[in-house]
Amino acid sequence: MFKIKRRYKLLIIIFVSITSIFIIYKFLNHKKEYIVSIGDYLSTGKILYSNNKNYNKYLKENNNKLFLKEYCKDDLTTYNVLDLIKNNESKINFYIKNANIIILNIGNFELNNYKELSNEIIIDFLNNIYTILENIRKLNDGKIILFSIFNDSNKYDLINKKLLSYSKEFNTKYIDLNKLDMNYYYNINGKFYLNSKAYYKISKMIIKKD
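Residues numbered from 1 in each chain as written. Predicted model: local features only at pLDDT ≥ 70, side-chain atom pairs only at ≥ 80, totals over all residues. Heavy atoms only, no water.

Trainee: Outline the overall build of the chain, supporting the account with residue identities and numerical values.
Mentor: Along its length, the chain carries 9 helices and 7 strands. A total of 210 residues make up the chain; the buried ones form 42% of that total. Taking as baseline every contact in the chain between residues at least 6 positions apart, the subset at least 24 positions apart corresponds to 74%. A total accessible area of about 12,400 Å² is found for the chain, and carbon and sulfur atoms account for 53% of it. (Helix = DSSP H or I, 4+ residues; strand = E, 2+ residues; numbered from the N terminus. Buried < 20%, exposed > 50% of the residue type's maximum accessible area, 1.4 Å probe, protein only. Contact = heavy atoms within 4.5 Å. Areas by Shrake-Rupley, 256 points an atom, 1.4 Å probe, with all protein chains shown as cover.)

Trainee: So what's going on with the environment of lysine 204? Which residues, and what values?
Mentor: Here lysine 204 lies in helix α9 (residues 196-207). Separated by 142 residues in the primary sequence, lysine 204 and asparagine 62 have C-alpha atoms spaced 9.5 Å apart.

Trainee: Can you explain the pattern of salt bridges? Please cite residues and give values.
Mentor: Evaluated as defined, the whole model comprises 2 salt bridges. A salt bridge links lysine 60 to glutamate 70; its shortest N-O distance comes to 3.0 Å. Of the two residues, lysine 60 is situated in helix α3 (residues 55-61) and glutamate 70 in strand β2 (residues 66-72); the sequence distance between them amounts to 10 residues. The shortest N-O distance in the salt bridge between lysine 73 and aspartate 75 comes to 3.9 Å. (Salt bridge = Lys/Arg side-chain N within 4 Å of Asp/Glu carboxyl O.)

Trainee: Give a description of helix α7 (residues 119-139) that names residues and reports values.
Mentor: For an α-helix, 3.6 residues make a turn, and residues three or four places apart therefore share a direction. With 21 residues, α7 extends 31 Å between its outermost C-alpha atoms, agreeing within 8% with the 30 Å of an ideal straight helix rising 1.5 Å per residue. Taken residue by residue, α7 has Ile121, Phe125, Leu126, Asn128, Ile129, Ile132, Leu133, Ile136 and Arg137 as its buried positions. On its buried face, α7 sits against α4 (78-87), α5 (92-98), β3 (101-105), α6 (108-112), β4 (143-147) and α8 (157-169). (Expected span 1.5 Å × (residues − 1).)

Trainee: Lay out unusual backbone geometry with the relevant residues and their values.
Mentor: Located in the positive-phi region is lysine 91, a residue other than glycine, with phi close to 55°. Topologically, lysine 91 is positioned in the loop between α4 and α5. By relative accessible area, lysine 91 is classed as partly exposed at 36%. Phi at asparagine 171 is positive, roughly 55°, even though this residue is not glycine.

Trainee: Please set out the side chain of asparagine 151 residue by residue, giving values where relevant.
Mentor: Secondary-structure assignment places asparagine 151 in the loop between β4 and α8. Engagement of the side chain of asparagine 151 in a polar contact is seen with the side chain of aspartate 157, the distance being 2.8 Å. The residues contacting asparagine 151, other than those within four sequence positions of it, are Tyr156, Asp157, Asn160 and Asn178. (Polar contact = N/O pair within 3.5 Å; in protein donor to acceptor, adjacent residues only side chain to side chain.)

Dropping the structure here:
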C-alpha cells in the first residue's frame, strides 16, 4: 500500500513539474504580448456593476496574441502584493521579469475598507505602493501601468496626487480613473461605479502604444 501511494506521489510531482515547464516555455517562446495584471476588485469587476466584464477579460477576448497572467482578487491589498513578491508566490517574479506590460491597480478595496483614513494608514499605503513599484522596477524596466484610486467623493485627491508623482518617478503610464467621461459610470443611489464601457476603454488604454 505504501509503495502505491509513493508511486502516485511521484507521478503527481512529475506531472506538476512538466506542466510548470510547459507554461514557462509557452510564456517565453511564443511571439505574444505578455501582460501581468495585479489588482483588487476594480480589476476583477465583480463589485462595480459591470456584469463581471473587466479589462483583463476584454484584453484576452480582443487579442489572441496576448498571454495574460493574473494576480487579481477582490480583496487584494498592498500588503498581499508585497508578500507575493517577497515570497515569489506563483512565480510572480518570473512573470514580472519577462512581461511586456505590468498592470498595478491596487488600493481601492484596501482604502475603502477603513471607516476613517488616518495619516498612518495613508502613509503605510503610499509606502507600500512605492516599495511595490521599486521591486517591479528592479525586475523589469519596461512598461508599467499604474492606476489612480477611484474617487467619487474627492477624499483620495491627495493620495492620487502622490501616486501621480510615483508614476513620474518610476516612469510608468498613469491611468486616472477619475478623468473618464460620465458615460463610463453607473449612478446607483448617488454612488458612481465603472461600467462595462469603462472597462473596455481601459483595456484599449492599456495596450495603446505610447
